[in-house]
Amino acid sequence: MKKLLINIILFFLIAIVVGEVVVRLTHAIADIPQRTIDDHGIQKYFPNQDGYWKGGEHKWTVNKLGWPGELPESNDNLIMVIGDSFIENFMNPNECHQSAFLKANMKDYNFMEAGRSGVSLIEAMEISKQLDSLKPKQSLIYVNDEDFYESIVQVKSMKDITQLDIKNKTIRYGEMKAPGLKKVLYSWKLMYYFYNRFPLDNLINTNSKQEAATTNSEAEVKSYSTEINQLTEYIKQNYTISDKTLVFHPNSEQSIINICKDAGFKIIVLDSSNDDTWTFDHDPHWTCYGHKKAAEQISKDLLNSANLGAFR
Amino acid sequence: MLFNSLEFFIFLPIVFGLYWLIGGKRLKAQNLLIAIASYVFYGWWDWRFLSLILFSSLVDYSIGLALGKNEKQSQRKILLWISICVNLGFLGFFKYYNFFVDSLVDSFTFFGSELSINTLNIVLPVGISFYTFQTLSYTIDVYNKKLQPTKDFVGFMAFVSFFPQLVAGPIERATNLLPQFAIERKFDYRNAVDGLRQVLWGLFKKIVIADNCAKYANIIFNNHTEYNGSTLLLGAFFFAFQIYGDFSGYSDIAIGISRLFGFNLKRNFAFPYFSRDIAEFWRRWHISLSTWFRDYLYIPLGGSKGGLKMKIRNTFIIFLVSGFWHGANWTFVIWGALNALYFLPLLLAKKNRVNTNLVAEGKYFPSLKEFGQMAFTFFITLIAWVFFRADSVAHAFSYLQNMFTTSLFSEIEVFPVTILSLVLFFIATEWLGRSGEYAIEKVDFMKKPIRWAFYMLLIVLMFSFTGEEQQFIYFQF
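As a convention, each chain's residues are numbered from 1 in the sequence order in which they are written. Working convention: letters from A go to chains and numbers from 1 go to ligands, in the order in which they are written. Given that this is a predicted model, residues contribute local features only at a pLDDT of at least 70 and side-chain atom pairs are listed and counted only at 80 or more, while totals for whole chains, interfaces and linings are drawn from all residues. By convention in this description, side-chain values take in all heavy atoms of the structure and omit both hydrogens and water.

Peer 1: Would you explain the overall build of chain B in this entry?
Peer 2: Secondary structure elements follow DSSP: runs of H or I of four or more residues count as helices, runs of E of two or more count as strands, with numbering from the N terminus. In terms of regular secondary structure, chain B is built from 17 helices and zero strands. Seen through its C-alpha atoms, chain B measures out along the principal axes to roughly 70 × 65 × 45 Å. For each residue, the accessible area found with a 1.4 Å probe, counting protein chains only, is set against the maximum for its type, and the residue is called buried under 20%, exposed over 50%, and partly exposed in between. Buried positions account for 57% of the 477 residues belonging to chain B. Here the contacts in chain B between residues at least 6 apart in sequence split such that 77% fall between residues at least 24 apart. With the model as given, the accessible surface of chain B reaches about 21100 Å², and the carbon-plus-sulfur share is 65%. Under the convention used here, Asp and Glu are negative, Lys and Arg are positive, and both His and the chain ends fall outside the count. Where a charge lies is defined by one atom per residue type, namely NZ (Lys), CZ (Arg), CG (Asp) and CD (Glu). Distance from the positive charge centre (42 side chains) to the negative charge centre (31 side chains) of chain B: 12 Å. Contact criterion: two residues are considered in contact whenever any of their non-hydrogen atoms come within 4.5 Å of each other. Only the protein chains shown count as cover for residues, and the accessible areas themselves come from Shrake-Rupley with a 1.4 Å probe.

Structure (structure tokens):
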């Protein structure tokens, strides 16, 4: 028995080393950039990082400001593109980012992205506030229904995301969740590979997961309409919204869109109906094609408005 | 709990550790641990059906004891029939009730009258066909006085529910497995290493071969009208390796795990796709089921003693019942009938026991004749697999109709090179290792670093080609 156990342990130790080499060489798991929290409480990335996306087909980059993607050549006629993992867009190469497609469609303007996975609406507003010093003409804030719920402590309390406490009318800045563990996990690629391939929550009954995952229904919006109204009211009072445009993902809840319209936001609603090729097969994020189509709709909308500052 | 799940990778070392910690001398405690672990293993899927296994164990244990005490033939026969009725009754209800109702309603409709019987929303208990046949073998063997009834209920419970082979076999005979619960098990290093190696090979078969072939088999079978004949042939090829990798992979894992616990299970597959005729194929495919039917159905029906006519009749009965055992669908019955038809020329020519040795023994390559025989046997099994895989008889016929057109010789439309390369690697490994119990049994000739590198390669391939956890096909049978 002792001999067997020693051999098993030895085999596993060698397997771990071999596995680490294989995972790194084949880019079986995406490289993950390291995050930091800046002086304004915003979680962003350490500047000037790069790494490979899963499969190693393309590289992602983090620019000197700590946001994924490339910086514009100039800050003249600048339009900010702010959002979550859709804007962060590690799964596509830089030429498939919103800024690249928008620039191709609107050559007189420059575009700068500020995206990070998990960004809520209130966090996007905070980011836009910080970036207002660059004097952008417009800020496009990409949102989906979840970004509204995740903005409000009383609706969906999340410690790692910046949220609004609507009771006390205060911003609660997000904390880094297990930064030490994350550092180990992202550096030990084999472990991160297993963590991704065999998530521990698979052990939990899938039924209860499904029950917990009910979101975005009309009923839910109705039940939180007061809170969402309070959120938009807070945003109106504390941020400039005249130069902000909310870009709603396809299939967003109409009642949330209406609340935002009523609050005075400029709105663009993306439409991917009759086109299911916007997203990856096993990933809800947009493909390069999806980004291109989204950018086409946005630039068309922006160009149709005679004056970017007063469209719609 | 699936063998290829994270839960099982946690469960197995715990049970293994506890088992050998208890030690082989405390037999009862070890058997109790196996019984409890087996119930946890099964209950992980659905604890409600544990009562079925427990009830089945209680009935057959009690009947075994009663048979042991009773010498009166008429009463012994009644006891045997009680066991058969209870066991097959459960199996019939859970597996075949809806099928019979549907078939009855369809036949009334066919003859122009209407019959209204509601089907039930029945969940088929995983592995019921396997443990039912296993417990039946006990009662029949005790009835035939081939086996002394056991008085150890815990040991009997462990025998019925033994987790490595509970849900998908091999279907163990009481005469082989039950006595192993009554003797001291000693830890044997070589046996354990061999067991682990067999588990590794079984996982490779399941995760790399079966699950990846399944992807393409499903695409092609589910959209068969959109593909040409050559692609449909490839679809059947993928299914042939899906079912073989899936089922023989499970058997390898079951046998390997049992060896870790000091048990020896019967071999279930012996490289069936290297068979030179259909009789040889059936001596090498799902051996535990074929021999079960041979011993408990074919021989009691008269076997081959009553001349050619009886031999043919009994062969057809065995194949039809075997088809029906696999599932409540006419596709399985036709699959069985087709195999019986394949068998017929061999029976008539009395050549059903010609190829009993290993093909091209001691050689690297088969002769041209052997190669032709293997290719032909594989091809006809491929045709039969179409019925096995199809959703309905109409689906199977439509598939074959679309396959056997001139487009059979046109370019293949779906050609996953990587998966086909893996299948080729698998076939080559099986061919080189065909003299062993399983393909990589005899890798000891390699030096340790090379041997371990080979194991690592299998593991890397497994992780590289694993997708979502896939249930084993034979769970549904």
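Peer 1: Help me understand the sheet that holds strand β7 (residues 138–143) of chain A, please; the structure alone is not making it clear to me.
Peer 2: The strands that make up a sheet pair up through hydrogen bonds in the backbone, lying either parallel or antiparallel. All names here are of chain A. Two strands are said to pair when DSSP picks up at least two bridges between them. The strand order across the open sheet built from five strands is β6-β5-β7-β10-β11, with neighbouring strands paired in parallel fashion. Here the strands that pair on one side only, and so sit at the sheet edges, are β6 (110–115) and β11 (266–269). If you compare each strand with its neighbour and ignore which way they point, the axes differ by 25 degrees on average. As paired strands, strand β10 (residues 244–248) and β11 are joined by four bridges and run parallel to one another. Pairing of Thr-245 across the sheet is with Lys-266, part of β11. For every element, the axis is a line fit to its C-alpha atoms; helices are fit only across the contacting stretch, and the angle between N-to-C directions ranges from 0 to 180 degrees.

Peer 1: When you look at the nonpolar core in this model, what are you seeing that I'm missing?
Peer 2: Among soluble globular proteins, nonpolar side chains are generally buried collectively. All names here are of chain B. Nonpolar cores are built from buried Ala, Val, Leu, Ile, Met, Phe, Trp, Tyr and Cys residues. Side-chain atoms within 4.5 Å join them into one set. Phe-163, Phe-261, Tyr-273 and Trp-385 are the most contacted members of the largest nonpolar core, which totals 155 residues. If you tally residues by element for this core, the top one is helix α9 (residues 229–260), at 17 residues. If sequence neighbours within four positions are ignored, Trp-385 has contacts with Phe-239, Ala-240, Ile-243, Tyr-273, Phe-281, Trp-285 and Trp-335.

Peer 1: Explanation requested: the pairing of β7(A) in the structure shown.
Peer 2: Consecutive residues of a regular strand have side chains that alternate between opposite faces of the sheet. Residues and elements named next belong to chain A. Of all the six residues making up β7, six are buried; the element is thus mostly covered by neighbouring parts of the structure. Residues of β7 alternate between two faces, with Gln-138, Leu-140 and Tyr-142 on one and Ser-139, Ile-141 and Val-143 on the opposite face, all of them buried. Here strand β5 (residues 78–83) pairs with β7 via four bridges, running parallel. Within the sheet, the bridge partner assigned to Val-81 lies in β7 and is Leu-140. In this sheet, β10 lies alongside β7 in parallel orientation, the contact comprising five bridges. Following the sheet pairing, Tyr-142 is matched in β10 by Val-247.

Peer 1: Any chance you could explain the pattern of salt bridges here in plain terms?
Peer 2: Pairs may arise between side chains of opposite charge once their charged atoms sit close together. Any Lys or Arg side-chain nitrogen located within 4 Å of an Asp or Glu carboxyl oxygen qualifies as a salt bridge. Scanning the model with the defined rule gives 28 salt bridges over all chains in all. The partner of Lys156(A) in a salt bridge is Glu150(A), with the nearest N and O atoms 3.9 Å apart. We classify Glu150(A) as buried; its relative accessible area is 13%. Of the charged contacts in the structure, one is a salt bridge between Asp295(B) and Arg294(B), with a shortest N-O distance of 2.9 Å. For Arg294(B), a relative accessible area of 41% puts it in the partly exposed group. Linked by salt bridges that have partners in common, Arg190(B), Asp194(B), Arg197(B), Arg259(B), Asp444(B) and Arg451(B) make up one network.

Peer 1: Just to check I follow, could you spell out the interface of chain A and chain B for this structure?
Peer 2: The figure often quoted for interface size is the accessible area lost as the parts come together. With 17 residues of chain A at the contact, the number on the chain B side is 19 residues. Accessible area that two parts lose when put together, with a 1.4 Å probe and added across both, is what the buried area reports. Where chain A abuts chain B, roughly 1700 Å² becomes buried across the two surfaces, and 81% of that area is made up of carbon and sulfur atoms. Linking chain A with chain B are zero salt bridges. Within 3.5 Å is the distance limit for a polar contact, defined as a pair of N or O atoms, with the added protein rule that one can donate a hydrogen and the other accept it, and that residues adjacent in sequence qualify only through two side-chain atoms. At the junction of chain A with chain B, the criterion picks out three residue pairs in polar contact (both at pLDDT 80 or more). Mapped onto the side of chain A that touches chain B, the elements with two or more residues apiece are α1 (2–26) and α7 (189–197) of chain A. Here the element with the most residues in the side of chain A that touches chain B is α1(A); it accounts for ten residues.

Peer 1: Explanation requested: the confidence of the model for chain B in the structure shown.
Peer 2: Keep in mind that low pLDDT regions are not for reading the predicted coordinates in detail. Residues and elements named next belong to chain B. Scored between 0 and 100, pLDDT is the confidence that the predictor attaches to each residue. Confidence in the prediction of chain B, expressed as mean pLDDT, is 91, and 98% of residues score 70 or more. Helix α4 (residues 73–110) is the least confidently modelled element of chain B, averaging 87 in pLDDT, while helix α14 (residues 368–389) averages 96, the highest of any element. Interface predicted TM-score (ipTM) for the complex: 0.77; the corresponding pTM is 0.79.

Peer 1: What exactly am I supposed to notice about unusual backbone geometry here?
Peer 2: Most peptide bonds take the trans configuration, and most residues that are not glycine carry a negative phi. All names here are of chain A. Despite not being glycine, Asn-89 has its phi angle at roughly 55 degrees, a positive value. Structurally, Asn-89 is set in the loop between α2 (85–88) and α3 (98–105). Here Lys-169, not a glycine, exhibits a phi torsion of approximately 55 degrees, which is positive. Along the polypeptide, Lys-169 turns up in the loop between β8 (163–165) and β9 (170–172).

Peer 1: Help me out: how do you make sense of a nonpolar patch on the surface in this one?
Peer 2: All names here are of chain A. A cluster of nonpolar side chains, namely Met-1, Leu-5, Ile-9, Leu-13, Ile-16, Val-184, Trp-188 and Met-191, defines an oily patch on the protein surface of about 680 Å² accessible area. Take the nonpolar patch: its biggest share by element is four residues, from α1. Along the chain, Met-1 turns up in the segment before α1. For patches, a residue must show more than 30% relative accessible area and have no salt bridge; joins then use 9 Å for like charges and 5 Å for nonpolar side chains, namely Val, Leu, Ile, Met, Phe, Trp and Tyr.

Peer 1: What is the right way to look at the state of the cysteines in this model?
Peer 2: What makes a disulfide is a covalent bond joining the sulfur atoms belonging to two cysteines. All names here are of chain A. When two cysteine sulfur atoms are found within 2.5 Å, that pair is recorded as a disulfide. Under the counting rule described, the total for this entry stands at one disulfide over all chains. With a sulfur-sulfur separation of 1.8 Å, Cys-96 is cross-linked through a disulfide to Cys-288. With the S-S dihedral at roughly -80 degrees, the linkage between Cys-96 and Cys-288 falls on the left-handed side. Residue Cys-96 is found in the loop between α2 and α3, and its partner Cys-288 is found in helix α12 (residues 288–304); the two are separated by 192 residues along the sequence. Here Cys-288 falls in the partly exposed class, since its relative accessible area comes to 27%.

Peer 1: Can you walk me through the environment of Lys135(A) in this structure?
Peer 2: For Lys135(A), the position within the fold is in the loop between α4 (121–131) and β7. Considered as a pair, Lys135(A) and Leu78(A) are 57 residues apart in the sequence and their alpha carbons are 7.4 Å apart.

Peer 1: Before we go on, may I ask you to explain the packing of aromatic side chains in this structure?
Peer 2: Each aromatic ring pair is specified by the distance between its two centres and by the angle formed by the two planes. Note on aromatic pairs: the rings of Phe, Tyr and Trp (six-membered ring only in Trp) are paired at centre separations within 6.5 Å, and the planes decide the class, stacked below 30 degrees, edge-to-face beyond 60, tilted for the rest. Evaluated as defined, the whole model comprises 88 aromatic pairs over all chains. With a centroid separation of 5.0 Å and 70 degrees between ring planes, the pair formed by Phe86(A) and Trp286(A) is classed as edge-to-face. Residue Phe86(A) is found in helix α2, and its partner Trp286(A) is found in strand β13 (residues 283–286); the two are separated by 200 residues along the sequence. No difference in accessibility class separates Phe86(A) from Trp286(A), as the two residues are buried. As a reminder, the over-ring test applies to NZ of lysine and CZ of arginine, requiring each to be within 6 Å of the ring centre and within 35 degrees of the ring normal. Its guanidinium or amino end placed over the ring of Trp325(B), Lys95(B) lies 5.1 Å from that ring's centre, counting from NZ or CZ. Residue placement shows Arg434(B) over the ring face of Trp431(B); its charged tip is 3.7 Å from the ring centre.

Peer 1: What is the right way to read the side chain of Ser161(B) from this model?
Peer 2: All names here are of chain B. Tracing the backbone through its elements, the reader meets Ser-161 in helix α6 (residues 153–161). Here Met-157 takes part through its backbone oxygen, which lies 2.7 Å from a polar atom of the side chain of Ser-161. Residues within four places of Ser-161 in sequence aside, it is in contact with Ala-35, Ser-38, Tyr-39, Ile-53 and Leu-166.

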